[in-house]
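Survey of secondary and tertiary structure
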There are 2 protein chains.
Amino acid sequence: MSSLRYLRPAVRALAGYVPGEQPRDEGYIKLNTNENAYPPSPWVMEAIAEAARDDRLRRYPDPMGTAFRQTAGRVLGVDPEAILMGNGSDDILTVITRTFVPEGGLVVAPTPSYLLYRTLAEIQGARFQAVPFTPSWTLPDPWPLPDAHLTLVANPNSPSGTMVSIDDLRHLAEQLRGPLVIDEAYVDFADTSALPLHRLPNVVVTRSLSKSYALAGLRVGFVAAAPSLIREFIKVKDSYNCDSLSLAGAAAALEDQEYFRAVRAKIIAGRKRLHEALVRLGFDVCPSHANFVWARRTSAPVKPIYEELKRRKILVRYMSYEGYGDGLRITVGTDTEMDQLLEKITKLV
Amino acid sequence: MSSLRYLRPAVRALAGYVPGEQPRDEGYIKLNTNENAYPPSPWVMEAIAEAARDDRLRRYPDPMGTAFRQTAGRVLGVDPEAILMGNGSDDILTVITRTFVPEGGLVVAPTPSYLLYRTLAEIQGARFQAVPFTPSWTLPDPWPLPDAHLTLVANPNSPSGTMVSIDDLRHLAEQLRGPLVIDEAYVDFADTSALPLHRLPNVVVTRSLSKSYALAGLRVGFVAAAPSLIREFIKVKDSYNCDSLSLAGAAAALEDQEYFRAVRAKIIAGRKRLHEALVRLGFDVCPSHANFVWARRTSAPVKPIYEELKRRKILVRYMSYEGYGDGLRITVGTDTEMDQLLEKITKLV
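Note that the structure is predicted; figures quoted are calculated from it, not measured.

Some words on the side chain of R219 of chain B
For R219 of chain B, the location among the structural elements is in the loop between β7 (203–208) and β8 (221–224). Buried charge without a salt bridge: R219 of chain B, with D90 of chain B as the nearest opposite-charge side chain at an N-O distance of 4.3 Å. A polar contact of 3.1 Å, which involves the side chain of R219 of chain B, links it to the backbone oxygen of A216 of chain B. Leaving out residues up to four positions away in the same chain, R219 of chain B has contacts with Y60, P61, Y240, C242 and D243 of chain A together with G86, N87, G88, D90 and S210 of chain B.

Below you can see the structure in the form of structure tokens.
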């Protein structure tokens, strides 16, 4: 008798989300999952060592992450009661989906965008509908599906790196009859943020420390929303969703704003260089506000470039979207990594 | 307009799970959340320092936790493909619930037991029904609710510390028309384990490193089940549900079996001492196979004892169950902690 007969039909039908390749082998230049090109602040390692000292790990972490919420609140100018930490922003997005979306509900997001949104809907047993961005990467107005149980907009968007304006997001929130998630995983590489919109009753803003704070390995993200909503998210999250080391390391990373700004400036300079070099090589590159660029070509297929680069130990992300087409999403690396990428890619185009 | 109108009714109706008190203030003797009385293996701290070294935290962790699964498989004599790690066993229990239980479904567990099971059902929008243990802490036979979408048995049970036999669990699994979770969070303090039952098609066995490996602060648990089920759990879990430091620390803890056995022996000796002392003081104490004891009194209420101990900076867990009654769940502490507990409790009874 098969174990699988017990599954919820929604789960059985799932293809499952496939994260970017994470080779265990050290030899790769990894430009495929938007990890930061530079290490985290040294303050992070100090905070982790302190949190692991003596016998502290035998204790449960603070289930409310109070110290982290206070630090994040202070650094961002937000009420700590309006903040909740998650085990990566994936955890936050899961909690939000479970809070708002019933089985058989509707989840909507623009396309092309973060593929996880569809998976979150499907795990919940909900339908997912994608709304195409306009050719200039803005949101269609009027918004065609205002009745979703949850609408998610990645801003900056992945894979394009483009942004929609705060005014457009506010206008979208006003049209919706359900909540809007503004997923700001990459916003620290942009010039503006929609964080102030978390004060609207139907807007939640999510953030990640994986990219801009170089802490993908530590799994910390957070959400800003009305305190009344945060209290509901707390009911849905696992009690101890963030461990002691992650909470301590993440707070230390947020504290070191000087280091953060220096890394950010290097990545933005690298992004400009990568953008210009790819344009010179004949790629169509979106203006990016993130730590990656989205490179397309109409003259020839890009999948062979991804494959050849992989053979040469450089990983970029090949992505293809139904009704839109494909492209390469390339993370901004260090200068040395980009020298090697550009040298190799020049021979392939 | 209230933000709360967007909530799923199931979430709005939730009271929310309340974990044991975790005072941030250092002055307490904490015997309320079953943390280990002793620190984790020194190998854990070494592994964490190594995993945080250089710029490793900027990388995503291995989404499959391959190294951890291999270590756990080897130590426990289980196929690594039959194992999946979670962000604490709470994460595992959440993933299992989402895999099997539809909205409007039915979740069943014995009572009195772990209160989280009800919360997991309620978040999912499912009904929860409790089946009373027999007066001798065995399972009723025949099992009255064989049609649940998920049945959970904590073994050893909390708060009682009692166990049901492997044969009884196998018999329960045979009667059920859905999957059975055997929650072995405390099993390392017992003499037997139902781990071999994970090979049955409808049994999953969960474990935690929080208690026996003194890693509550690190959030690592795992599940053993048929590989075909594990593949479904992978579709439901967050891609990167365990961070790099937790995976490394947890694997190191499992490797150090010599340390583990020494700590286990001390706790079992402490449990015997605590049990005997509480019996002498007139408590009715269950024979415990865990790192806590469950102490009741028929002659006088126990809640004032909990309150007075708290005033004297000793935290134990007061628990009350509908249709059953109340008691004190007291974690086995160090000898010094138990000296202080027993000195103070003697004056209160």
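So, the environment of N32 of chain B
Residues and elements named next belong to chain B. One can find N32 in the loop between β1 (29–31) and α2 (42–52). Using a relative accessible area of 1% as the deciding quantity, one classes N32 as buried. Placed 154 residues apart in sequence, N32 and Y186 show a C-alpha to C-alpha distance of 15 Å. Among the polar contacts listed, one links the side chain of N32 to the backbone oxygen of E21, at a separation of 2.9 Å.

Observations regarding the side chain of N241 of chain B
Topologically, N241 of chain B is positioned in the loop between α7 (227–236) and α8 (244–255). Of note is the side chain of N241 of chain B, whose polar atom sits 2.9 Å from the side chain of K237 of chain B. The residues contacting N241 of chain B, other than those within four sequence positions of it, are N87 of chain A together with P63, M85, G86, N87 and D91 of chain B.

Overview of the sheet that holds strand β10 (residues 292–296) of chain B
Through backbone hydrogen bonds, the strands of a sheet pair up, either in parallel or in antiparallel fashion. Residues and elements named next belong to chain B. The sheet built from five strands is open, its strands ordered β1-β11-β12-β10-β9 with mixed pairing. Pairing within the sheet leaves two strands with one partner each, and these edge strands are β1 and β9 (284–285). When β10 meets strand β12 (residues 325–331), the two strands line up antiparallel, connected through four bridges. Bridge pairing links A295 to L328 in β12. Together, β11 (314–321) and β12 form the strand contacts of helix α10 (residues 303–311), whose direction differs from that of β11 by roughly 155 degrees.

Details of the packing of aromatic side chains
Residues and elements named next belong to chain A. A full pass over the atoms with the stated rule returns 24 aromatic pairs over all chains. On the basis of an interplanar angle of 90 degrees and a centroid distance of 5.9 Å, the ring pair of F100 and F233 is categorised as edge-to-face. Of this pair, F100 sits in helix α4 (residues 88–100) while F233 sits in helix α7 (residues 227–236), and the two are 133 residues apart along the sequence. For F100, a relative accessible area of 1% translates into the label buried. Members of the aromatic cluster, joined through ring pairs, are F133, W137, W294, Y321 and Y324. When the ring centre of Y38 is taken as reference, the NZ or CZ atom of K266 above it lies at 4.0 Å. We note R329 situated over the ring of F292; from NZ or CZ to the ring centre the distance is 5.4 Å.

Some thoughts on the pairing of strand β8 (residues 221–224) of chain A
Each regular strand shows side chains that alternate between the opposite faces of the sheet. All names here are of chain A. Neither face of β8 is left uncovered, since the one carrying G221 and V223 and the one carrying F222 and A224 both have all their residues buried. Both strand β2 (residues 83–86) and β8 contribute to a ladder of four bridges, which runs antiparallel. Bridge pairing links I83 to A224 in β8. Relative to β8, strand β7 (residues 203–208) is paired through four bridges, and the arrangement is antiparallel. The residue bridging S208 from the neighbouring strand is G221, located in β8.

What about the confidence of the model for chain A?
Averaged over all residues, the pLDDT of chain A equals 96, while 100% of them reach at least 70. The complex model carries a pTM of 0.97, and its ipTM stands at 0.96.

Things to note about the sheet that holds strand β4 (residues 127–132) of chain A
All names here are of chain A. One open sheet holds the seven strands; their spatial order is β2-β8-β7-β6-β5-β3-β4, and the pairing between them is mixed. Bordering the open sheet on either side are β2 and β4, each of which pairs with just one other strand. Put simply, the sheet's adjacent strands are angled 25 degrees from each other on average, direction ignored. Both strand β3 (residues 106–111) and β4 contribute to a ladder of six bridges, which runs parallel. Residue pairing in the sheet places T111 in a bridge with P132 of β4.

Notes on unusual backbone geometry
Omega for the peptide link from N155 of chain A to P156 of chain A comes to 0 degrees, which places this bond in the cis form. Positive phi, close to 60 degrees, is recorded for R219 of chain A, a residue that is not glycine. Its identity is not glycine, yet N34 of chain B carries a phi of approximately 60 degrees, on the positive side. Along the polypeptide, N34 of chain B turns up in the loop between β1 and α2.

Quick notes on the interface of chain A and chain B
Across the boundary between the two partners, chain A contributes 79 residues, which contact 79 residues of chain B. Summed over both sides, the interface between chain A and chain B buries roughly 6800 Å², with carbon and sulfur atoms accounting for 54% of that surface. E35 of chain A serves as the salt-bridge partner of R59 of chain B, at 3.2 Å between the closest nitrogen and oxygen. At the junction of chain A with chain B, the criterion picks out 41 residue pairs in polar contact (both at pLDDT 80 or more). Elements with a contribution of two residues or more to the side of chain A that touches chain B: α1 (9–13), α2 (42–52), α4, α7 and α8 (244–255) of chain A. Here the side of chain A that touches chain B gets six residues from one element, more than from any other, and that element is α4 of chain A. Classifying every residue of the side of chain A that touches chain B by side-chain character gives 37 nonpolar, 19 polar and 23 charged.

Rules of the game
Residues numbered from 1 in each chain as written. Chains lettered and ligands numbered in written order. Predicted model: local features only at pLDDT ≥ 70, side-chain atom pairs only at ≥ 80, totals over all residues. Heavy atoms only, no water. Helix = DSSP H or I, 4+ residues; strand = E, 2+ residues; numbered from the N terminus. Buried < 20%, exposed > 50% of the residue type's maximum accessible area, 1.4 Å probe, protein only. Lys, Arg positive; Asp, Glu negative; His and termini not counted. Salt bridge = Lys/Arg side-chain N within 4 Å of Asp/Glu carboxyl O. Polar contact = N/O pair within 3.5 Å; in protein donor to acceptor, adjacent residues only side chain to side chain. Contact = heavy atoms within 4.5 Å. Pairing = 2+ DSSP bridges. Axes fitted to C-alpha atoms, helices over the stretch in contact; angles between N-to-C directions. Phe/Tyr/Trp six-rings, centres within 6.5 Å; stacked < 30°, edge-to-face > 60°. Lys NZ or Arg CZ within 6 Å of the ring centre and 35° of its normal. pLDDT = per-residue confidence, 0-100. Buried area = accessible area lost by both parts, 1.4 Å probe. Nonpolar A, V, L, I, M, F, W, Y, C, P; charged D, E, K, R; others polar.

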